Amino acid sequence: MNKVYDTPATALDGLLFDGMTIMSGGFGLSGNPESLIPEIRESGVRDLTVVSNNAGADGFGLWMLLESRQIAKMVSSYVGDNKLFEQQYLSGELQLELTPQGTLAERIRAGGAGIPAFYTKTGAGTVVAKDKPVEVFDGEEYIRETWLRADLAIVKAWRADPSGNLMFRKTARNFNPVMATAGKVTVAEVEEIVAPGDFDADCIHTPGIYVDRIVRSTINEKRIEKLTTRAREHE
């Protein structure tokens, strides 16, 4: 089966529909599927539920889908620094399922592993526990969280081979690997496609069995989210 597609648009062909759930990799602005998100916007698909650590920043990443009003609900752990996200949520345009970051990662991992629910102490006794089952283990309260799965997972990797084995570079190895396992279909945009056998098997972060389609990325901005500088000290 050929997993390599010519363009981001063709890599998404036939996968998008109104009301679907999409997982989008990245942490802040690191590891965002920069080339696939604009194609989702261009498709005009609507009423999306998007699972992602965040919703991008002004003019970048998932912000594009917020700006076009294509997202109906976000399942996220971080909403800071995104004024459009804030405005749409406070105005009632956007539903938000705010999830502690570690819990979000584990819910996605559980979805990929076929584990429908698990217990965690994170959020016990807070608003996070509202309407969730609570049980006591060793005298401590734990809340039950459920898995997250998606119709489509879009991820950004550094390298892939034609079989779909993925290697992530540094911080981009964040939510991307677990999301790749939790989508019914996973599309990976990559900076490089290498020949079969070029990978040391021990360096594969996501096995190709989880990846359905691969495409060379057309956008690799790699923006710095918050640039902090200081004056050079002279000796």
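Residues numbered from 1 in each chain as written. Predicted model: local features only at pLDDT ≥ 70, side-chain atom pairs only at ≥ 80, totals over all residues. Heavy atoms only, no water.

1. Here's the deal with helix α4 (residues 83-90)
1) Next: Of the residues making up α4, those classed as buried are L84, F85 and Q88. Viewed end-on, α4 has its buried residues packed into an arc of 100 degrees, placing them on one side of the element. Set apart from the buried face of α4 by more than 90 degrees, the exposed residues are K83 and L90.
2) Next: On its buried face, α4 is in contact with α3 (63-67), β4 (71-76) and β5 (95-98).
3) Next: For α4, the capping residue at the N-terminal end is N82, with a side-chain oxygen 3.3 Å from the backbone nitrogen of L84.
4) Next: Directly after α4, the chain includes G92, whose backbone phi takes a positive value near 85 degrees. (Buried < 20%, exposed > 50% of the residue type's maximum accessible area, 1.4 Å probe, protein only. Helix = DSSP H or I, 4+ residues; strand = E, 2+ residues; numbered from the N terminus. Arc of directions from axis to C-beta. Contact = heavy atoms within 4.5 Å. Polar contact = N/O pair within 3.5 Å; in protein donor to acceptor, adjacent residues only side chain to side chain.)

2. Observations regarding the sheet that holds strand β8 (residues 140-146)
1) Next: One open sheet accounts for three strands, arranged β6-β8-β7; its pairing is antiparallel. Each edge of the open sheet carries a strand with a single partner, namely β6 (117-120) and β7 (134-137). Averaged over neighbouring strand pairs, the angle between their axes works out to 40 degrees when direction is ignored.
2) Next: Pairing of β6 with β8 involves four bridges; the strand directions are antiparallel. Paired with F118 across the strands is E145, a residue of β8.
3) Next: The strands touched by helix α5 (residues 101-113) within the sheet are β6 and β8, with β6 carrying the most contacts at an inclination of about 155 degrees. (Pairing = 2+ DSSP bridges. Axes fitted to C-alpha atoms, helices over the stretch in contact; angles between N-to-C directions.)

3. Quick word on the side chain of N165
1) Next: For N165, the position within the fold is in the loop between β9 (150-160) and β10 (166-167).
2) Next: Judged by relative accessible area, N165 falls into the buried class, the value being 16%.
3) Next: There is a polar contact of 2.9 Å between the side chain of N165 and the side chain of D161.
4) Next: Of note is the side chain of N165, whose polar atom sits 2.7 Å from the backbone nitrogen of G208.
5) Next: Those residues within four positions of N165 in sequence are excluded, and the remaining contacts are R159, A160, F199, I204, T206, P207 and G208.

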